[in-house]
Amino acid sequence: MHGINPHLSARARKPTPSVEELVNGILSGNRVLLSQAITLIESHRADHQEKAQAVIDSCLPHAGNSIRIGITGTPGVGKSTFIETFGLRLIEKGHRVAVLAIDPSSQMTHGSILGDKTRMMRLSVHESAYIRPSPAGDALGGVARKTREAIMLCEAAGFDIIIVETVGVGQSETAVHSMTDVFLLLLMPGAGDELQGIKRGIVEMADIIAVNKADGDNALAAKRAKAFYANALHLFPPKPNYWIPQILTCSALSGDGLEEVWQLILNFQELTKNNQSFYTNRQEQAVFWLREAIDERLKKHLFDTPSVKERFLEVQRQVAAGELSPFKGAQMIVP
Ligand SMILES: Nc1nc2c(ncn2[C@@H]2O[C@H](COP(=O)(O)OP(=O)(O)O)[C@@H](O)[C@H]2O)c(=O)[nH]1
Ligand SMILES: [Mg+2]
């Protein structure tokens, strides 16, 4: 073989798929090509980004046909167990389920969903499921954009139920809320948000609250927590889409209550599609992400400009030294 490295020649025979191959693969539901396209979305290389955007462009007309479910709750509440049991049930009903994650802590843990795959053993190997961990090494804004783009590709690949999981800490709930149709909060048995480190704002965002682990010794405590939160929910203003947040108990382990959660999601979908808020919400979300993307590009464009780079260093020095106010300093960069 003229001394050619066999690995290299093997590679040369199997080039990375073209945009067209990726799009065709995704549209035919091929999970390997879907994964390759999402890897391009997650890449920082400019040529990868360009290719990813071309794939997204072609997939966009085929996206949107799904229900996007956000799931949050503190670590240990049972999100992964819930998604496994719930996902398998939905597949039994004939659905195809994609699970994505936004986890700003995944830089440290290498994507908690990866470790979680042991808890999602049966779902992760099912041919009607697709599980993708949170991209690591990015700020929340970057992760959120990539997850949103991954949603589109999963929908184009025929997944009609998209679950976006996040941990119940930090700002990631807001990001997930801004890319999903319905928001599910999992809580532990035992009353009081202060006990669970759940911020009031997150409870307020929830469309459905499920007190998980309502089994065995915890059954009574779960009922009490349900009563506590049912009371708390009355204090919140009604939702503009007329949906009244619902609360119930469930057990991700036994599957009790999961059918009811699904029924609530269907009710939510019916109500919001009938009164159009399902669609206006998606439109508003798309415009929100347009603005986010413009912000991101403006900043990048600005800081990539050589004269601005220089000026920024000088202004930064003066602001740090207390010679200049941050506001004045910003005016000198962006008049
Ligand atoms: N008793 C009981 N344990 C549960 C239930 N759901 C999850 N667990 C357990 O709680 C622990 C954390 O679950 P996991 O799904 O990893 O939580 P996550 O961190 O929110 O993803 C595991 O040991 C699970 O077996 C449930 O409904 N009942
Ligand atoms: Mg988990």
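Position labels on residues start from 1 in each chain and follow its written sequence. To read the labels, note that chains go from A and ligands from 1, taken in the order they are written. Totals for whole chains, interfaces and linings use every residue, but because this is a predicted model, local features are given only for residues with pLDDT of at least 70 and side-chain atom pairs only at 80 or more, for both listing and counting. Just so you know, side-chain values use all the structure's heavy atoms and leave hydrogens and water out.

Caption draft 1: Fine view of a nonpolar patch on the surface. A surface patch of nonpolar side chains, about 370 Å² in accessible area, is lined by Val 287, Leu 290, Ile 294 and Leu 298. Helix and strand definitions follow DSSP, with helices as H or I runs of at least four residues and strands as E runs of at least two, each counted in order from the N terminus. Along the chain, Val 287 falls in helix 15 (residues 277-304). Patch building starts from residues that exceed 30% relative accessible area and form no salt bridge, then joins like charges within 9 Å and nonpolar side chains (Val, Leu, Ile, Met, Phe, Trp, Tyr) within 5 Å. Here, Shrake-Rupley sampling with a 1.4 Å probe gives the accessible areas, and only protein chains in the shown set may cover a residue. Salt bridges, as used here, are contacts in which a Lys or Arg side-chain nitrogen is within 4 Å of a carboxyl oxygen on Asp or Glu.

Caption draft 2: The arrangement of the side chain of Arg 282 in detail. Summarising the element assignment, Arg 282 is placed in helix 15. Among the polar contacts made by the side chain of Arg 282, one reaches the main-chain carbonyl oxygen of Ser 66 at a distance of 2.8 Å. By definition, residues are in contact when any of their heavy atoms lie within 4.5 Å. Residues within four places of Arg 282 in sequence aside, it is in contact with Gly 64, Ser 66, Ile 67, Arg 68, Glu 155 and Asp 181. Here a polar contact means two N or O atoms within 3.5 Å. Within protein one must be a hydrogen donor candidate and the other an acceptor candidate, and residues neighboring in sequence count only if both atoms are side-chain atoms.

Caption draft 3: Fine view of the pattern of salt bridges. For the coordinates displayed, the defined rule picks out 13 salt bridges. In this structure, Arg 122 engages Glu 84 in a salt bridge whose closest nitrogen and oxygen atoms are separated by 3.8 Å. Highlighted residues: Arg 122 in helix 8 (residues 121-124) and Glu 84 in helix 5 (residues 79-92), separated in sequence by 38 residues. When a residue's accessible area, from a 1.4 Å probe over protein chains only, is under 20% of the maximum for its type it is buried; when over 50% it is exposed; and in between it is partly exposed. Residue Arg 122 is classed as exposed on the basis of its relative accessible area of 58%. On the basis of relative accessible area, Glu 84 is assigned to the buried category, the value being 10%. Here Glu 314 ties to Arg 317 by a salt bridge, and the two come within 3.1 Å at their closest N and O atoms. In this pair, Glu 314 and Arg 317 both sit in helix 16 (residues 306-320), three residues apart, roughly one turn of the helix. Connected through salt bridges with shared partners, the residues Arg 89, Lys 93 and Glu 259 form a single ionic network.

Caption draft 4: Main features of the packing of aromatic side chains. Here a Phe, Tyr or Trp ring, Trp counted by its six-membered ring, pairs with any other such ring whose centre lies within 6.5 Å, and the pair is stacked when the planes are under 30 degrees apart, edge-to-face when over 60, and tilted otherwise. This structure, assessed with the given rule, holds eight aromatic pairs. Aromatic pair Trp 243 and Phe 268: ring centres 5.2 Å apart, planes at 75 degrees, arrangement edge-to-face. Within this pair, whereas Trp 243 is found in the loop between helix 13 (219-234) and strand 7 (246-249), its partner Phe 268 is found in helix 14 (residues 258-274), the two being separated by 25 residues in sequence. As far as burial versus exposure is concerned, Trp 243 and Phe 268 are alike and both buried. A ring pair is formed by Phe 303 and Phe 312, whose centres lie 5.3 Å apart and whose planes are at 90 degrees; its orientation type is edge-to-face. Its relative accessible area of 29% is what places Phe 312 among the partly exposed residues.

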